[in-house]
Amino acid sequence: MRIDTFIFLVFIGIGILLLIFNLVSPTLAFHAIEWKTIFSLFYLMVVVNVMKDTMFLDYISLKILKRSERVFLVLIFLTLFLSAIITNDVSLFVIIPLTLIISEYADLPFDDLEKLLIFEGISANIGSALTPIGNPQNLYLYHFYNIGALKFIISMIPFEIFGIIVILPFLEFKKYKATISDIEFKKEWLLYLALFVLVLLCIFGKLNFIYALPLILSVLFYKKPKIDYLLLLTFIFLFIDIEGLKRTGVIDMFLIKCNNVMLMIYSSLLSQIISNVPAAVLLSNLYNNWLPIAYGVNVGGNGTLIASFANLITLRLSKGNIGVWRFLLLGILIYISHLILLVIYLKITC
């Protein structure tokens, strides 16, 4: 059993036990679940995966790559961009297979390939922090605290700038000669792009989720995209788990007296242990200030293997081209460096 599957099943198992022993009633569990977040995540999974199946994202990515021989830089900044608009997990499912294909045609030494794959995972965590739809923890915080989309993005720009500053010294600026062929994509991507816009209108509160549901279910039925139902179910049970912690009083153990800087550090450290999505759900039920939590759980995505589900996906997709210890070393180094810059920033601005 993969470690990510094991982690998902642990969260689900805790929720099931809470329901079995009636520590959380089914009615209370239903009301505890943030359904806006669940619907948002589900809609994004469906639309982005059917767009991925049309090969349009691959087509655009390769078109960009054909314009530059600086393969390392292009792929990293492409990861930063895609992760902000189609989520960190999905961007990795596009970028890493492309990277492995390109490495076969480009003069890319193994050490550079390993480094590139590692920093694609790191960049996905950093880039996804910019927008409410970039990753599950942002999507949850956006709905839970009822934050305006523009306010969210503007508030996360400093985080993004510092993240890019931290990874820049590690990037390879040299040129790699590559022979890249064109690929065909299905023209129906325009229909899914329109559906993606419709989903965004639902997420940003301009349209009720119920109006998009028939279209989403139709696409799901006819196109049968690969949906990570285990991740979706895990997210549902996370809310039940947190409600159980509240009902039993265990959640109070995680409440500490701290200012914004310490709250950010605390959030990031907790993410290293229990992963950043559960950390976001847990701490949002204890603190009213969303920004230090958002900074903390996003910067805490880099570091340990379980700090972010994107880290596990990076390892799984790399097909043995990443050494675990190098991944951990670079991830922790970026995490600490990024956190230090954010601490200085918050101390100056707060």
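Residues numbered from 1 in each chain as written. Predicted model: local features only at pLDDT ≥ 70, side-chain atom pairs only at ≥ 80, totals over all residues. Heavy atoms only, no water.

Enquirer: Would you explain the overall build of the protein chain in this entry?
Expert: Scanning the protein chain for helices and strands turns up 17 helices and 0 strands. Computed over the C-alpha atoms, the radius of gyration of the protein chain is 20 Å, within 12% of the 20 Å expected from 2.2 N^0.38 for a compact globule of 350 residues. For the C-alpha atoms alone, the extent of the protein chain along its principal axes is close to 60 × 50 × 40 Å. When the 350 residues of the protein chain are sorted by exposure, 57% land in the buried category. As presented, the protein chain carries roughly 15,900 Å² of accessible surface, and 68% of it is formed by carbon and sulfur atoms. Taken together, the 25 basic and 21 acidic charged side chains of the protein chain have centroids lying 5 Å from each other. (Helix = DSSP H or I, 4+ residues; strand = E, 2+ residues; numbered from the N terminus. Rg over C-alpha atoms; globule rule 2.2 N^0.38 Å. Buried < 20%, exposed > 50% of the residue type's maximum accessible area, 1.4 Å probe, protein only. Areas by Shrake-Rupley, 256 points an atom, 1.4 Å probe, with all protein chains shown as cover. Lys, Arg positive; Asp, Glu negative; His and termini not counted. Charge placed at Lys NZ, Arg CZ, Asp CG, Glu CD.)

Enquirer: Explain unusual backbone geometry to me, please; I cannot follow it from the model alone.
Expert: A negative phi angle is the norm for most residues apart from glycine, just as the trans form is the norm for most peptide bonds. Even without glycine at this site, N146 takes up a positive phi of about 55°. Exposure remark for N146: the relative accessible area of 69% places this residue in the exposed category. Unusually for a residue other than glycine, S275 sits at a positive phi of about 85°. With respect to the helices and strands, S275 occurs in the loop between α13 (260-274) and α14 (276-284). A residue is classified by how much of its surface remains accessible, and S275, at 1% relative accessible area, is buried.

Enquirer: Please clarify how the packing of aromatic side chains should be interpreted in this entry.
Expert: The description of an aromatic ring pair rests on the distance of the ring centres and on the angle between the ring planes. All chains considered together, the criterion is met by 16 aromatic pairs. Taken together, a centroid distance of 5.9 Å and an interplanar angle of 65° make the contact between F39 and Y43 edge-to-face. Here the residue F39 and the residue Y43 both occupy positions in helix α3 (residues 35-53), the gap between them amounting to 4 residues, near one helical turn. Accessibility expressed as a relative area gives 30% for F39, which makes it partly exposed. Y43 sits in the buried class, given a relative accessible area of 0%. On the basis of an interplanar angle of 50° and a centroid distance of 6.1 Å, the ring pair of F42 and Y43 is categorised as tilted. (Phe/Tyr/Trp six-rings, centres within 6.5 Å; stacked < 30°, edge-to-face > 60°.)

Enquirer: How do you make sense of the packing of helix α6 (residues 88-105) against helix α7 (residues 110-127) when you look at a structure like this?
Expert: If you want to describe how two helices pack, look at the angle between their axes and the distance between the axes. Put simply, α6 and α7 touch, their axes get as near as 10 Å, and they point 165° apart. Relative to α7, the element α6 is oriented roughly antiparallel. Note that α6 runs across α7; the crossing there is right-handed. Contacts from N88, S91, L92, I95, I96, T99, L100 and S103 in α6 reach L113, L116, L117, E120, G121, A124 and N125 in α7. Across the contact of α6 with α7, the residue classes tally to 8 nonpolar, 6 polar and 1 charged. (Axes fitted to C-alpha atoms, helices over the stretch in contact; angles between N-to-C directions. Parallel < 35°, antiparallel > 145°, perpendicular 65-115°, else oblique. Left-handed = near helix turned anticlockwise from the far one by under 90°. Contact = heavy atoms within 4.5 Å. Nonpolar A, V, L, I, M, F, W, Y, C, P; charged D, E, K, R; others polar.)

Enquirer: Honestly, the environment of A279 in this entry has me stumped. Any pointers?
Expert: Residue position: A279 is located in helix α14. Taking relative accessible area as the criterion, A279 reaches 0% and is therefore assigned buried. Sequence separation between A279 and I165 is 114 residues, and the spatial gap between their C-alpha atoms is 26 Å. With near-sequence residues (within four places) excluded, A279 lies in contact with S267, L270, S271, I274 and V297.

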